[in-house]
Amino acid sequence: MAVYTDVLCPFCGCICDDIVVEVGEDGKITKVKGACAIGRSKIMGHDRMESPAIREDGELRDCSYDEAIKRAAEILADARRPLLYGWSSTVCETDRAGVELAVEIGAIIDNTASVCHGPSILAIQDVGLPSCTLGQIRNRADIVIYWGSNPVFAHPNHMKRYSYLSKGRFTPGGKKDRKMVVVDVRETKSAKLADLFVKVRPGGDFLVFSALRAILRGHEDVVPDEVAGVEKKDLLSLAEMIKNANFIITFFGMGVTHSGARHNNIANAIEFTRAAHLHTKATIMPMRGHYNVNGFNQVCTWLLGYPFSIDLSQGYPWYNPGETGAVDVLVHGECDAALIISSDPASHFPADAVRHLARIPVIQIDPYPNPTTEFADVVIPSAICGVEAEGSVYRMDSVPLRVRKIVDSKFMADEEIIRRILEEVRAIKEKEGE
Amino acid sequence: MRQIVFKLRDGALRSGAAEVPVDVSPLTPDKLFGEGEDEIKSTKVWWGNRQENVERIFEVSVSGDASGAEEVKVVFEGELRKVKRIGYEMSAGEIVAEGSVGMHCGARMRGGRITVNGSADCWAGCEMHGGTLIIEGDAGDNLCACYRGETTGMTGGTVVVKGNAGECIAQYMAGGEITVRGNADMLAGLDMKGGKIVIEGDAVMPGANMSGGEIIVKGKVIDMMPSFKYEETVTIDGEEYKKYRGDFAIGEKKAKGTLLIRS
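What you are looking at is a predicted structure, and each value in this text was computed from that prediction instead of being measured.

For an interface, size is often stated in terms of accessible area lost upon the parts coming together. Under the domain assignment used here, chain B contains domain 1 (1-72) and domain 2 (99-262). Distance from the C-alpha centre of domain 1 of chain B to the C-alpha centre of domain 2 of chain B: 32 Å.

Below you can see the structure in the form of structure tokens.
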């Protein structure tokens, strides 16, 4: 039996790096310690896609990697508006190859951020981001605000490792040295743990941020008695808490990025953090979901100048979420072929988008079958990054980390699959040019 | 007057189960002025990730003569919802679209006149600097706003929307005038710095982060920003309006926007 310590967990944006994995004589993982239930399940592995396959007469027929890759390349080379989507539960090396493929075929390339923290990125580009690392929060934060975010369910180890429940250099008492505030539309499990819970009317976050900004800037006189279901006295006491704090962190999630004013909520949340700077140190951070959703945005930004939803059809990067996002081009019925990697749009996209996806040729690369497999025309199974393949990833606070290979696998790594498709596409184009 | 008609061929934008949009930014009166019929027909337009001769996608007919771009009239006909960038960066002449049009109609326009006899999709009149844009139907989101990363939207010109308008119209607007006869969705005039917006119907959260300019709402305001200060009641054209100043969320010194709401 082999024991691997300090293993990084390839599940959520926390990328916990204190996991212990035991591997049996047969090379199979037998035990995972220190991970949350979701992380443990992912590292242990389950229900894999066993073979590459191509759909014929409505049924998936098993085939070789070579055949599946060739068919995928033919579909992509032929497409007039192809979409390459997913990229968040894989490593940066795959994402880099994906960008090369997108440039080669004039595709739209987009990652899961566009249905997750894409609005946060839009806001950050508009107004900047006063942020920090998770380590700073662990060691310094005395006020932790979770806004539209429910870490108990979505990031189970987050509070224990990095925020409210963790013990740091200047917060040796753990939660005794901190106060936790939860702002949400309902009393979540996380809200039940909070020292202060502020209940906002759905879609009203933008108004609350603006009211808090006005109060923190000394204009509480203009703020009405109630703002989006929150009484003014509660806003004043939250503002008072902020003014008296040493270090504030606001973690925000889908509750604000995809409700009401969406990206403008986040721009306003960041401006609220700035207004707090008139009194104390304040920081803000998105609760990124997939472990490397941030990494794709980093890779795309240094290769193409933009972080996601990039249309390369006219030979230059055109960035216009709302027009060039995966959901946008699917709902508008614009794209005529799609490659989906390490993602499941069939489960997470709006019905109209899924309906269009089911009508066009779809290539799926994933370790696991999921509802997208049900209509995929080419299915290519891959190794699990962080368990069966190594690579670079970016944590939610933009700290780059290297996930490891723990066990061998019969499956091809994501990067190799994408590079092989790229080679085939180039060969097809060369032939066409002759 | 030289008239150039582009009639979208039936099914021309089909690619399998998809309908791939075409970018017609080269088809403006100023860019087509001086071109012969054959040259116009062989103008290259982007259709998806490949360029095509315009004739493959549109039936083209040309008549009359012009001594300048201002005497050129371009007409688009057919189902135009997937036709993007009509009148993009146009500086003179006239465009008429006979039906609802795709995104970016009249974006970055500097002069001339566009009439849309239907609705216009998102980013119509975006970063517009001059000219006139008339939309007979509704306008989508980001009307007269700016593209991602920019901090100045519309700076000049006149826009009239006879129906309703979408979210975030006139974001970062710095000049010009917009009239919306119907309602305006969330955050009209967000980050507005100058210019004037008249909303004859209702508006949701208008004027957030406003540092200049004027927004007049003749209907109801839903979710009034909690960071605006009531100043006085004023009379405009015989109607009483409540006058507010804001947005105090950006601080008192910068809060120089005016929001007028009919009482």
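A word on unusual backbone geometry. Residues and elements named next belong to chain B. With an omega of 5 degrees, the peptide bond running from Gly246 to Asp247 counts as cis. Positionally, Asp247 belongs in the loop between strand 20 (239-246) and strand 21 (257-262). The residue His104 is not glycine, and still its phi comes out positive at about 65 degrees. Relative to the helices and strands, His104 resides in the loop between strand 10 (94-97) and strand 11 (113-116).

Take the packing of aromatic side chains next. Residue and element names in this part refer to chain A. Inspection of the entire model under this criterion finds 13 aromatic pairs over all chains. With a centroid separation of 5.2 Å and an interplanar angle of 20 degrees, the aromatic rings of Tyr146 and Phe251 are classed as stacked. With Tyr146 in strand 8 (residues 143-147) and Phe251 in strand 13 (residues 247-252), this residue pair connects regions lying 105 residues apart in the sequence. Residue Phe251 is classed as buried on the basis of its relative accessible area of 0%. Taken together, Trp147, Phe209 and Phe272 form an aromatic cluster joined through their ring pairs.

Quick look at helix 4 (residues 118-127) of chain A now. All names here are of chain A. Within helix 4, 7 of the 10 residues are buried, which leaves the element mostly enclosed by the surrounding structure. Where helix 4 is concerned, the buried positions are Gly118, Pro119, Ser120, Ile121, Leu122, Ala123 and Val127. Turning to helix 4, the residues buried within the fold contact strand 13, helix 11 (254-257), helix 12 (263-276), strand 14 (281-286), helix 13 (293-304) and strand 16 (318-319). A positive phi of about 85 degrees marks Gly128, the residue just after helix 4.

Looking now at the domain arrangement of chain A. Residue and element names in this part refer to chain A. By domain assignment, chain A separates into domain 1 (2-42), domain 2 (48-115 + 291-433) and domain 3 (118-286). The centre of domain 1, based on its C-alpha atoms, is set 26 Å off from the matching centre of domain 2. On the side of domain 2, 17 residues touch domain 1, which itself brings 18 residues to the contact. Three residues, Leu8, Ile15 and Lys42, lead the burial of domain 1 against domain 2; their summed loss comes to 39% of the area buried on that side. Taken together, domain 1 and domain 2 are joined by 0 salt bridges. Counting the contacts that link domain 1 with domain 2 gives 4 residue pairs in polar contact (both at pLDDT 80 or more). Mapped onto the side of domain 1 that touches domain 2, the elements with two or more residues apiece are strand 1 (2-7) and strand 2 (19-23). Sort the elements by how many residues they give to the side of domain 1 that touches domain 2 and strand 1 lands first, with 4 residues. Looking at the side of domain 1 that touches domain 2, its residues break down into 12 nonpolar, 3 polar and 3 charged.

Before going further, it helps to spend a moment on the pattern of salt bridges. A complete count under the given rule lists 40 salt bridges over all chains for this structure. For A:Glu104, the salt bridge goes to A:Arg426, with nearest N and O atoms at 3.0 Å. With A:Glu104 in helix 3 (residues 92-105) and A:Arg426 in helix 17 (residues 414-433), this residue pair connects regions lying 322 residues apart in the sequence. Its salt-bridge partner being B:Arg2, residue B:Asp65 comes within 3.8 Å of it at the nearest N-O pair. Within this pair, whereas B:Asp65 is found in the loop between strand 7 (58-63) and strand 8 (72-77), its partner B:Arg2 is found in strand 1 (residues 2-8), the two being separated by 63 residues in sequence.

Turning to the nonpolar core, a few remarks are in order. Among the nonpolar cores identified, the biggest contains 115 residues, and A:Trp147, B:Phe6, B:Phe58, B:Phe76, B:Leu143 and B:Ile178 are the most heavily contacted of them. By residue number, the principal contributor to this core is helix 9 (residues 205-216) of chain A, which donates 9 residues. If we ignore the near neighbours within four places in the chain, the residues touching B:Phe6 are B:Leu27, B:Leu32, B:Ile40, B:Val54, B:Phe58, B:Glu59, B:Val60, B:Val74, B:Val75, B:Phe76 and B:Glu77.

Together, A:Glu220, A:Asp221, A:Glu240 and B:Glu252 make up a negatively charged patch on the protein surface. If you trace the backbone, A:Glu220 turns up in the loop between helix 9 and strand 11 (226-227).

All names here are of chain A. By secondary structure assignment, the location of Thr372 is in the loop between strand 18 (362-366) and strand 19 (378-381). From its side chain, Thr372 meets the backbone nitrogen of Ala346 in a polar contact 3.1 Å long. Not counting chain neighbours up to four residues away, the residues in contact with Thr372 comprise Ile340, Ser343, Asp344, Pro345, Ala346 and Gln364.

Right, let's talk about the pairing of strand 9 (residues 179-184) of chain A for a bit. All names here are of chain A. Burial analysis of strand 9 places 5 of its 6 residues in the buried class, which makes it a mostly covered element. The pairing of strand 9 with strand 10 (residues 196-199) spans 4 bridges and is classified as parallel. Within the sheet, the bridge partner assigned to Val181 lies in strand 10 and is Leu196.

Once that is clear, we can look at the sheet that holds strand 6 (residues 50-53) of chain B. Residue and element names in this part refer to chain B. If you trace the 4 strands from one edge of the open sheet to the other, you get 6-5-4-9, paired in mixed fashion. Edge positions in the sheet fall to strand 6 and strand 9 (83-84), since each of these pairs with one other strand and no more. The pairing of strand 4 (residues 22-23) with strand 9 spans 2 bridges and is classified as parallel. Each residue of the ladder has a partner; that of Val22, found in strand 9, is Val83.

Contact residues are listed per partner, giving 45 residues for chain B and 46 residues for chain A. Here chain B packs against chain A, burying approximately 3600 Å² in sum over the two surfaces, 53% of which is carbon and sulfur. Between the two partners, chain B and chain A, sit 5 salt bridges. Its salt-bridge partner being A:Glu323, residue B:Lys84 comes within 2.8 Å of it at the nearest N-O pair. Here chain B is connected to chain A by 21 residue pairs in polar contact (both at pLDDT 80 or more).

Mean pLDDT over chain B works out to 97, with 100% of the residues at or above the 70 mark. Both scores are available for the predicted complex, with the pTM at 0.94 and the ipTM at 0.93.

All names here are of chain A. Relative to each other, helix 9 and helix 10 (residues 232-243) sit at 55 degrees, their axes nearing to 10 Å. Compared by their axis directions, helix 9 and helix 10 come out oblique. Considering only the axes of helix 9 and helix 10, their crossing is right-handed. Contacts between helix 9 and helix 10 involve Val208, Ala211, Leu212, Ile215 and Leu216 from the former and Leu235, Leu236, Leu238, Ala239, Ile242 and Lys243 from the latter. When its residues are assigned to classes, the contact of helix 9 with helix 10 shows 10 nonpolar, no polar and 1 charged.

Moving on: the side chain of A:Asp95. Residues and elements named next belong to chain A. Locating Asp95 in the fold gives a position in helix 3. Buried charge without a partner: Asp95 forms no salt bridge, and the closest opposite charge is Arg96, 9.7 Å away. Excluding residues within four positions of it along the chain, Asp95 makes contact with Trp87, Thr90, Asn292, Gly295, Phe296 and Val299.

All names here are of chain B. Where strand 8 lies against strand 10, 4 bridges are found, and the strand directions are parallel. Counterpart to Lys73 in the pairing with strand 10 is Glu94. Bridge count for strand 10 against strand 11 is 4 bridges, and the pairing is parallel. Residue pairing for strand 11: Ile95 is matched across the bridge by Ile114.

Conventions adopted
Residues numbered from 1 in each chain as written. Chains lettered and ligands numbered in written order. Predicted model: local features only at pLDDT ≥ 70, side-chain atom pairs only at ≥ 80, totals over all residues. Heavy atoms only, no water. Domains from an automatic or database assignment. Helix = DSSP H or I, 4+ residues; strand = E, 2+ residues; numbered from the N terminus. Phe/Tyr/Trp six-rings, centres within 6.5 Å; stacked < 30°, edge-to-face > 60°. Buried < 20%, exposed > 50% of the residue type's maximum accessible area, 1.4 Å probe, protein only. Contact = heavy atoms within 4.5 Å. Buried area = accessible area lost by both parts, 1.4 Å probe. Salt bridge = Lys/Arg side-chain N within 4 Å of Asp/Glu carboxyl O. Polar contact = N/O pair within 3.5 Å; in protein donor to acceptor, adjacent residues only side chain to side chain. Nonpolar A, V, L, I, M, F, W, Y, C, P; charged D, E, K, R; others polar. Core = buried A, V, L, I, M, F, W, Y, C linked by side-chain atoms within 4.5 Å. Patch = residues over 30% accessible without salt bridge, like charges linked within 9 Å, V, L, I, M, F, W, Y side chains within 5 Å. Areas by Shrake-Rupley, 256 points an atom, 1.4 Å probe, with all protein chains shown as cover. Lys, Arg positive; Asp, Glu negative; His and termini not counted. Charge placed at Lys NZ, Arg CZ, Asp CG, Glu CD. Pairing = 2+ DSSP bridges. pLDDT = per-residue confidence, 0-100. Axes fitted to C-alpha atoms, helices over the stretch in contact; angles between N-to-C directions. Parallel < 35°, antiparallel > 145°, perpendicular 65-115°, else oblique. Left-handed = near helix turned anticlockwise from the far one by under 90°.

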